[in-house]
Amino acid sequence: METADAVAEHPDPRLADRLRRLRLANERWARKGRESFVDFCRNPGLYGEEVPQLHHELMCAMLQDVDSGRLKRLMIFMPPGSAKSTYSSDRAASWFMGRKPGRKLIAASHTKGLAERFGRKVRNRLDTAEFRAVFPGFALASDSKSKSDWGTADGGEYYAVGFDGAVAGRRADILLIDDPFKSRLDADSETIRNNVWEVYRTDLRSRLRKNGAIVIIMTRWHHDDLAGRILPENWDGRSGYVKARDGEEWYALRIPMIAEQDDPLGRSEGETLWPDWFIPEVIAREKLIQGSRNWNALYQGVPTADEGAIIKSSYWRRWPGKSPPVCEYIIQSIDGAFEEGEENDYSARTTWGIFDVYNVENARAISALISGPSRKGEQQRYHAIMLEAWRGKVEFAAFKRIIKDGIVEYEPDLVLIEKKASGHVLLQELKRSGTHATAVNPRGSKTSRTWAAQPAFEQGAVWHMDRDWAGPVVRECSQFPAGEHDDYHDTVTQAINRLRKTYHLSLPGEGATDETEDDEEHEHGIYG
């Protein structure tokens, strides 16, 4: 880099002028980079001609809020190859240390080797003239030779550690976690998932200083990965502030490869990420090679428990309005669990409405969703929407009261209760109290009944209200048969199969569905 004296003394006036302009440009970049992380990443002296893309800019804005103290808990989920580590473990770590040289930072990755690689890159960058041009007073400590454990002249510390390492005796103003799992094999191991959780919970979190921040940047692998254990159970994948299971407020930023509703980058549904880099041929190939499980987890950031999910999360449609559609028929589907041997199961209920998409009010509400390329679901007139869901572990008396209150509130045309041990008792109690319900004797396995319900979802004819309770239902259905619970799932398939059987959800070109249940009573409504 030319000094001011060298520029002034240069014998060629034209070259001297060019050097002066270059010096002024470098000074502008340095001033901007000191205050703005995204401008730091645009600095040609540090990073050449590389330009941050739209998703990088949003990521930079979030990380700048961490530096300022406005954001204390941040999770970022992005696809492989989107340069998330470059802008976090490399550049953000460098900028954090330059901004506050006395800061203490712990950078954790799945293994010590990866953590040390980031530590070496950050240390080497901080020791360059280009970096000191942005942060003139910055200096490494004279004994900073280690790639994983080094300090600054102002007493700051950078410590790189793998989830297989130890952090005893360390403290952190910022805990930066980048990809705690290294492979599908690790993420699928319950033992390794438990170990990652324990390291995070007991080793890493306990190292935070007062007002310390946590940043987790990762590609999602598994619904029960580190992020999955922090995020609330009802998280529906949308970016924004969430109240996590640990009771803290986190900002979750999910940037999928293919944009969905409410995309944080403002993309239209179906628009791809970084199209100059991820060209359509690459995306199509990866989607085919990865399969639905890896694609949804790694590239869309919404992992499900089972690669062969029958009712995928993407099949559901979210109702755009605050009020439900005008429904012509209401059905409640109930699954009880309060007999001996069912202590670990939940009781559950879902309430459903059948609505006409061509009803004036309904059509107005969903016009934006069906005005584009038509989905197969719009070929039929009647769709189903989940209006309400409840689940809990309660005594029989409380369960009976909850069921009766739900019947009073929604006035269903049909109440379905599976006639197993718990259901039989409930049916008898409801009958004695003058409340009618239909006993269902399911045929075949749960898997076969799920496949019987699946076409209605795949065709886009099943909706849910935009409520907190919808997320757990959608996720549990997508995780069947590998999920921990199937109580919600059972009420959903019971309801949808009944609606398909009675032609409410019979799809274009098909006749009556295969029988999946027998009924003992039909006490409700003209459609029952």
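A brief look at the structure comes next.

### Considering the pairing of strand S10 (residues 327-335)
Here's step 1: Counting buried residues along S10, 7 of its 9 residues qualify, which places the element largely inside the surrounding structure.
Here's step 2: Alignment of S10 against strand S11 (residues 347-356), held across 8 bridges, turns out to be antiparallel. Within S11, the position partnered with Gln-332 by the bridge is Thr-351.
Here's step 3: Here S10 runs beside strand S13 (residues 414-418); their pairing, made up of 4 bridges, is parallel. Within S13, the residue paired with Ile-334 across the bridge is Ile-417.

### A few points about the nonpolar core
Here's step 1: By size, the foremost hydrophobic cluster in this structure holds 88 residues, and its most contacted members are Phe-40, Tyr-200, Leu-204 and Ile-216.
Here's step 2: If you tally residues by element for this core, the top one is strand S6 (residues 208-218), at 7 residues.
Here's step 3: Those residues in contact with Leu-204 that sit more than four places away from it in its chain are Ile-106, Ala-108, Val-161, Phe-163, Val-167, Leu-175, Ile-177 and Val-199.
Here's step 4: Judged by nonpolar contacts, the second largest core, of 29 residues, contains Ile-311, Tyr-329, Ile-496 and Leu-505.

### With respect to unusual backbone geometry
Here's step 1: The step from Phe-480 to Pro-481 runs through a cis peptide bond, and the omega angle for that step is 10°.
Here's step 2: Of note in the backbone geometry, Asn-211 takes a positive phi value of approximately 65° without being a glycine.
Here's step 3: Mapped onto the fold, Asn-211 is located in strand S6.
Here's step 4: By relative accessible area, which is 55% here, Asn-211 ends up exposed.
Here's step 5: The phi dihedral of Trp-274 is positive, around 45°, even though this residue is not glycine.
Here's step 6: Here Trp-274 shows up in the loop between strand S8 (249-254) and helix H12 (280-299).

### Points about the packing of helix H17 (residues 470-479) against helix H18 (residues 487-501)
Helix-helix packing: each pair is described by the crossing angle between the helix axes and the interaxial distance.
Here's step 1: Across the interface, H17 lies against H18 with an axial gap of 8 Å and an inter-helix angle of 85°. Taken as axis vectors, H17 and H18 run roughly perpendicular relative to one another. Together, Pro-472, Val-473, Glu-476 and Cys-477 of H17 and Asp-487, Tyr-488, His-489 and Val-492 of H18 make up the contact between the two elements.
Here's step 2: Its residues assigned to classes, the contact of H17 with H18 shows 5 nonpolar, 1 polar and 2 charged.

### Concerning the pattern of salt bridges
Here's step 1: One pass over the full model with this rule turns up 38 salt bridges.
Here's step 2: Salt-bridge contacts for Arg-229 lead to Asp-224; the nearest nitrogen and oxygen are separated by 2.9 Å.
Here's step 3: Across the pair Arg-391 and Glu-233 runs a salt bridge whose closest N-O atoms are separated by 2.8 Å. A residue pair is termed long-range when its members are at least 10 positions apart, and Arg-391 in strand S12 (residues 382-392) and Glu-233 in the loop between helix H11 (226-230) and strand S7 (240-243) qualify at 158 residues.
Here's step 4: On the basis of relative accessibility, which here comes to 17%, the residue Arg-391 falls in the buried class.
Here's step 5: Judged by relative accessible area, which is 39%, Glu-233 ranks as partly exposed.
Here's step 6: In this structure, a network of salt bridges that share partners links the residues Asp-236, Arg-238, Asp-262, Arg-318 and Asp-466.

Cut-offs used in this document
- Residues numbered from 1 in each chain as written.
- Predicted model: local features only at pLDDT ≥ 70, side-chain atom pairs only at ≥ 80, totals over all residues.
- Heavy atoms only, no water.
- Buried < 20%, exposed > 50% of the residue type's maximum accessible area, 1.4 Å probe, protein only.
- Helix = DSSP H or I, 4+ residues; strand = E, 2+ residues; numbered from the N terminus.
- Pairing = 2+ DSSP bridges.
- Core = buried A, V, L, I, M, F, W, Y, C linked by side-chain atoms within 4.5 Å.
- Contact = heavy atoms within 4.5 Å.
- Axes fitted to C-alpha atoms, helices over the stretch in contact; angles between N-to-C directions.
- Parallel < 35°, antiparallel > 145°, perpendicular 65-115°, else oblique.
- Nonpolar A, V, L, I, M, F, W, Y, C, P; charged D, E, K, R; others polar.
- Salt bridge = Lys/Arg side-chain N within 4 Å of Asp/Glu carboxyl O.

Remember, this is a structural readout, not a statement about activity or role.
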